[in-house]
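Summary of structural features
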Amino acid sequence: MALLGFRPDPLTGLIRPPHATTIRLVLAAADGDALDRAIGHFLQERRAPAPGRKIIAVDGKTLRGSRTAKQPAIALIAAMTHSGQVLAQRQIDGKSNEIPAFAPLLDSIDLAGAVITADALHTQHDHATYLHKRRAHYLAVVKRNHPALHESVRRLPWRDVRLDHYERGRAHHRDEIRRLKTATFAHLDYPHARQALQVVRRRRDLGTGKLTIERIYLVTSLPPGAATGSELATWIRGH
């Protein structure tokens with residue numbers, strides 16, 4: 001507190017922090033987005049550059065306990081490293097969703113060479129074009145909300161594609177097998193897409209013996225050879 005400029009009490013020599021009410025009033029009066037930008041810049045400047053490629057996740061969350069009788073819960077969208085450091089954060093307009101906030105969120109971050117991971121909501125043509133202009137790559141989940149793209153990726157001859165990654169583990173009372181395949185596909189109807197991916201997850205509940213199989217499809221702007229199957233699997237799971 002002395003480094004921040006707080007003065008000691010002339011009688012006791014102690015430095016007393018501001019009262020909780022004062023802190024609350026100051027924070028309530030501050031511009032939330034401006035505060036987020038300042039903290040994001042601070043974290044980016046103090047963060048030691050990590051070895052290897054920069055992987056950034058974009059995701060939205062609703063603040064627990066923020067809903068009141070007069071207003072809906074507060075929703076935020078954040079960009080964070082896969083190691084857990086928040087680089088930028090914005091509040092989502094209560095009448096909108098995460099999609100319009102995607103580009104403004106990332107505007108303040110150096111994205112050159114980075115890989116952006118996000119859920120299927122952000123598999124948007126505009127987002128892919130924006131990331132390409134910022135010299136970044138994407139790893140985008142494809143679901144049935146993009147029926148034509150999903151169908152073209154799903155119908156690839158995956159049985160004939162060699163396995164790029166295999167992983168078996170046990171956690172949360174279940175046995176899990178993950179298999180990843182990648183296919184170069186020059187005619188994907190998605191901006192700057194270079195590869196399609198298939199992830200197959202087989203989970204067996206150790207208590208009930210129930211087996212579930214899930215297939216997930218993705219597209220990426222990374223060219224073949226830019227990342228190994230193990231790296232791609234780690235980034236997908238890390239998101």
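Residues numbered from 1 in each chain as written. Predicted model: local features only at pLDDT ≥ 70, side-chain atom pairs only at ≥ 80, totals over all residues. Heavy atoms only, no water.

A word on the overall build of the chain
Convention followed: We count a stretch as a helix when DSSP gives it H or I for four or more residues in a row; a strand needs E for two or more, and each element gets its number in order from the N terminus. A contact between two residues is defined here by any heavy atoms of the two lying within 4.5 Å. Note that accessible areas follow from Shrake-Rupley with a 1.4 Å probe, and for residues the cover is restricted to the protein chains shown. The charge count includes Lys and Arg as positive and Asp and Glu as negative, but it does not include His or the ends of the chains. Positions of charges follow a simple convention, taking NZ of Lys, CZ of Arg, CG of Asp or CD of Glu.
The helix and strand tally for the chain stands at six helices and nine strands. C-alpha extents for the chain along the principal axes are approximately 80 × 50 × 45 Å. For the chain, the share of sequence-separated contacts (at least 6 apart) that also reach a separation of at least 24 residues comes to 51%. Accessible area for the chain stands at about 15200 Å²; split by element, carbon and sulfur atoms hold 53% of it. A distance of 5 Å separates the average location of the 37 positive side-chain charges in the chain from that of its 22 negative side-chain charges.

Some thoughts on the side chain of T123
Short version of the rule: Only protein chains enter the calculation, and the probe is 1.4 Å; a residue is then buried if its accessible area is under 20% of its type maximum, exposed if over 50%, and partly exposed in between.
Positionally, T123 belongs in the loop between β4 (115-118) and α4 (125-133). Note on T123: relative accessible area 0%, which makes it buried. Those residues within four positions of T123 in sequence are excluded, and the remaining contacts are A140, V141, H146 and Y190.

Remarks on the nonpolar core
Going by this rule: In plain words, nonpolar cores are sets of buried Ala, Val, Leu, Ile, Met, Phe, Trp, Tyr and Cys residues tied together by side-chain atoms within 4.5 Å.
If you look at the biggest cluster of nonpolar residues, it comprises 37 residues, and the most contacted ones within it are V58, L106, L111, I116, L131 and V219. In this structure L131 touches F102, L106, L111, I116, A136, H137 and Y138, once residues within four positions along its chain are discounted. In terms of nonpolar packing, the next biggest core, distinct from the first, is built from 15 residues, I55, L218, L232 and I236 among them.

Observations concerning the confidence of the model for the chain
Stated precisely, the cut-off is as follows: Confidence scores labelled pLDDT are given residue by residue by the predictor and lie between 0 and 100.
The predicted model of the chain averages 90 in pLDDT, with 97% of residues at 70 or higher. Highest mean pLDDT in the chain belongs to α4 (97); lowest belongs to helix α2 (residues 32-46) (81).

Comments concerning the sheet that holds strand β5 (residues 137-142)
Strands pair in a sheet through their backbones, by hydrogen bonds, and they do so in one of two ways: parallel or antiparallel. For clarity, the threshold we go by: At least two DSSP bridges between two strands are needed for those strands to be called paired. Every axis in this analysis is a line fitted to C-alpha atoms, fitted for helices over the stretch in contact. Angles between the N-to-C directions lie between 0 and 180 degrees.
One open sheet accounts for nine strands, arranged β3-β2-β1-β4-β5-β9-β8-β7-β6; its pairing is mixed. Only two strands of the sheet have a single neighbouring strand rather than two, namely β3 (86-91) and β6 (165-171). Averaged over all pairs of adjacent strands, the angle between strand axes in this sheet comes to 20 degrees, irrespective of strand direction. Sheet topology places strand β2 (residues 75-81) next to β3; five bridges connect them, and they run antiparallel.

A few points about empty space enclosed by the protein
Note the cut-off: In the cavity and pocket records, a cavity denotes points on a 1 Å grid over the protein atoms alone where a 1.4 Å probe fits but cannot get out, a pocket denotes an open set with protein on both sides within 12 Å along at least 5 of 7 lines, and lining residues are residues with an atom within 4 Å of a point. Grid points are joined across faces, edges and corners, and a volume is the space filled by probe spheres set on the points.
One pass over the structure, following the stated rule, counts two cavities of 30 Å³ or more. Residue lining of the largest cavity: 13 residues in total, with A118, H122, L131, Y138 and A140 positioned closest to the centre. Listed by contribution, the elements that provide at least two residues to the lining of the largest cavity are β4, α4 and β5. Each pocket or cavity is described by its volume, and for the second largest cavity that value is around 70 Å³. Forming the walls of the second largest cavity are H165, E167, R178, R179, L180, V199, A233, I236 and R237. Counting only elements with at least two residues in the lining of the second largest cavity, the list comes to β6, β7 (174-184) and α6 (229-238).

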